[in-house]
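What follows is each chain in one-letter form.
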Amino acid sequence: MISGSIVALVTPMQEDGSVDYEALHRLVDWHVEEGTDAIVSVGTTGESATLGQEEHCQVIRRTIEFVDKRIPVIAGTGANATSEAVHLTKRAAEMGADACLLVTPYYNKPTQEGLYRHYMTIADAVDVEQVLYNVPGRTAVNMAIETSVRLSQHENIIGLKEAADDSADRVAPLRQLCGDAFALYSGNDDSARQFVLNGGNGVISVTSNVAPGLMQQMIAAALAGDQQGSLQFDQALLLLHERLFVQSSPIPVKWALAEMGRIGKGIRLPLTWLEEQFHESVLEAMRQAKIIPDS
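Residues numbered from 1 in each chain as written. Predicted model: local features only at pLDDT ≥ 70, side-chain atom pairs only at ≥ 80, totals over all residues. Heavy atoms only, no water.

### Some remarks on the pattern of salt bridges
Okay, so step 1: Summed over all chains, the structure comprises 11 salt bridges.
Okay, so step 2: R61 is paired through a salt bridge with E65; the nearest N and O atoms lie 3.4 Å apart. Here E65 and R61 lie together in helix 2 (residues 53-67), a separation of 4 residues that amounts to about one turn.
Okay, so step 3: Each member of the salt-bridge network shares a partner with another, and the members are R61, R62 and E65. (Salt bridge = Lys/Arg side-chain N within 4 Å of Asp/Glu carboxyl O. Helix = DSSP H or I, 4+ residues; strand = E, 2+ residues; numbered from the N terminus.)

Written out as structure tokens, the structure is:
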């Protein structure tokens, strides 16, 4: 089972919006050095919604190549069309992804039965480990616990990234009904510590993009049941958890990484660069986490 601090990695871009593979290679190496436990390539934070299919697959392929089996790579292969999700998942499996992350279909608002059939179709079609992803704030559909439980019976569906507002409260019933072999990942950085203490297996994190070492230490302590130790790490991260979402993600986290000199100032429309009024608040959070020096 993949567990721990898993980064939902940004896709670095040049100012013209083209993918910056040199910066991607540097980010991958940095995460391995900092102890990040696994990488999600081309999830929401990786701007999956604005990459074309071939670009999407190329970023996954190059990420797998750059990681070179040092840590697991989970490919983001979700789509709002089931056929497209099957295609992307097949491609990722062929490229050697360790698992695939499949967001609930967005915009078209399927029923619970539609969600069940969507995921079962993908799991039947592609023999690769698959992690469901429930994020109603992004997709306008909330996957019921009962639907996750039904899906957990498929041998290829091995986990769930849960990012509903009450995600930490969902751990206990999900664990009881899905069993210990089913991986449960927090999709909310601000409640990830409690999620793991409640029985989760880790976090798929935005914050880890800029503070990989701290996030890894916090989640490792929580996995060990160390409430006080994990709290000490998390307190340094609290402002980051909040302020990396002052505008739609990944806008603030890409700006923060650019301020750290790790990527260029590239993002794809309709997303735009972080507005100046938010610069100081993000910098304050970065200083509190000690990832940049006090001014």
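Back to the write-up after that little detour.
### Focus on the pairing of strand 2 (residues 38-41)
Okay, so step 1: Side chains A38 and V40 of strand 2 all project onto a buried face; the interleaved residues I39 and S41 project onto the opposite face, where all are buried too.
Okay, so step 2: Pairing of strand 1 (residues 4-8) with strand 2, which is carried by 3 bridges, proceeds in the parallel orientation. Residue pairing across strands places V7 opposite I39, the latter belonging to strand 2.
Okay, so step 3: The parallel pair strand 2 and strand 3 (residues 73-76) is bridged by helix 2, and the resulting crossover is right-handed. (Buried < 20%, exposed > 50% of the residue type's maximum accessible area, 1.4 Å probe, protein only. Pairing = 2+ DSSP bridges. Right-handed = clockwise from strand over helix to strand, strands pointing away.)

### Notes on the packing of aromatic side chains
Okay, so step 1: Summed over all chains, the structure comprises 0 aromatic pairs.
Okay, so step 2: Directly above the aromatic system of Y116 lies the positively charged group of R150, at a separation of 3.6 Å from the ring centroid.
Okay, so step 3: In this structure, R262 packs its charged tip against the face of W30, placed 3.8 Å from the ring centre. (Phe/Tyr/Trp six-rings, centres within 6.5 Å; stacked < 30°, edge-to-face > 60°. Lys NZ or Arg CZ within 6 Å of the ring centre and 35° of its normal.)

### Re helix 7 (residues 167-178)
Okay, so step 1: Compared with an ideal rise of 1.5 Å per residue, which puts 12 residues at 16 Å, helix 7 spans 15 Å between its outermost C-alpha atoms and is within 8% of the ideal.
Okay, so step 2: Where helix 7 terminates, the next one or two residues include G179, which has phi positive at roughly 90°. (Expected span 1.5 Å × (residues − 1).)

### Digging into the packing of helix 11 (residues 251-259) against helix 12 (residues 279-288)
Between two packed helices, the angle of one axis relative to the other and the distance separating the axes together describe the packing.
Okay, so step 1: Running from N to C, helix 11 and helix 12 cross one another at 65°; their axes reach a closest spacing of 11 Å. In terms of axis orientation, helix 11 runs roughly perpendicular to helix 12. The way helix 11 lies across helix 12 gives a crossing that is right-handed. Where helix 11 abuts helix 12, its residues W255, A256 and E259 lie against H279, V282, L283 and M286. (Axes fitted to C-alpha atoms, helices over the stretch in contact; angles between N-to-C directions. Parallel < 35°, antiparallel > 145°, perpendicular 65-115°, else oblique. Left-handed = near helix turned anticlockwise from the far one by under 90°. Contact = heavy atoms within 4.5 Å.)

### Some details on the side chain of T207
Okay, so step 1: By secondary structure assignment, the location of T207 is in the loop between strand 8 (202-205) and helix 9 (212-223).
Okay, so step 2: The contact partners of T207, leaving out residues within four places of it in the chain, are D189, M215, L237, L240, H241 and L244.

### Some words on helix 3 (residues 82-95)
Okay, so step 1: Its 14 residues give helix 3 an end-to-end C-alpha distance of 20 Å, which sits within 8% of 20 Å, the value for a rise of 1.5 Å per residue.
Okay, so step 2: Every buried residue of helix 3 is listed here: A85, V86, L88, T89 and A92.
Okay, so step 3: Elements in contact with the buried residues of helix 3: helix 2, strand 3, strand 4 (99-103), helix 4 (112-125) and strand 5 (130-134).

### Notes on the environment of L27
Okay, so step 1: Its place among the elements puts L27 in helix 1 (residues 21-34).
Okay, so step 2: Taking the relative accessible area as the measure of exposure, L27 reaches 2% and is therefore buried.
Okay, so step 3: Remark: the alpha-carbon pair of L27 and A211, spanning 184 residues in sequence, is separated by 12 Å.
Okay, so step 4: With sequence-adjacent residues up to four places away left out, L27 is seen in contact with L9, V10, P12, L257, R262 and I263.

### Structural notes on the pairing of strand 7 (residues 183-186)
Okay, so step 1: Side chains of strand 7 alternate between two faces, with A183 and Y185 and L184 and S186 buried alike.
Okay, so step 2: As paired elements, strand 6 (residues 157-162) and strand 7 share 4 bridges and run parallel to each other. Opposite K161, over in strand 7, you have Y185 as the bridge partner.
Okay, so step 3: In this view, the connection linking strand 6 to its parallel neighbour strand 7 by way of helix 7 has right-handed handedness.
Okay, so step 4: By the bridge criterion, 2 bridges tie strand 7 to strand 8 in an arrangement that is parallel. Opposite Y185, over in strand 8, you have G202 as the bridge partner.
Okay, so step 5: Between the parallel pair strand 7 and strand 8, the chain is carried across by helix 8 (residues 192-197), and the sense of this crossover is right-handed.

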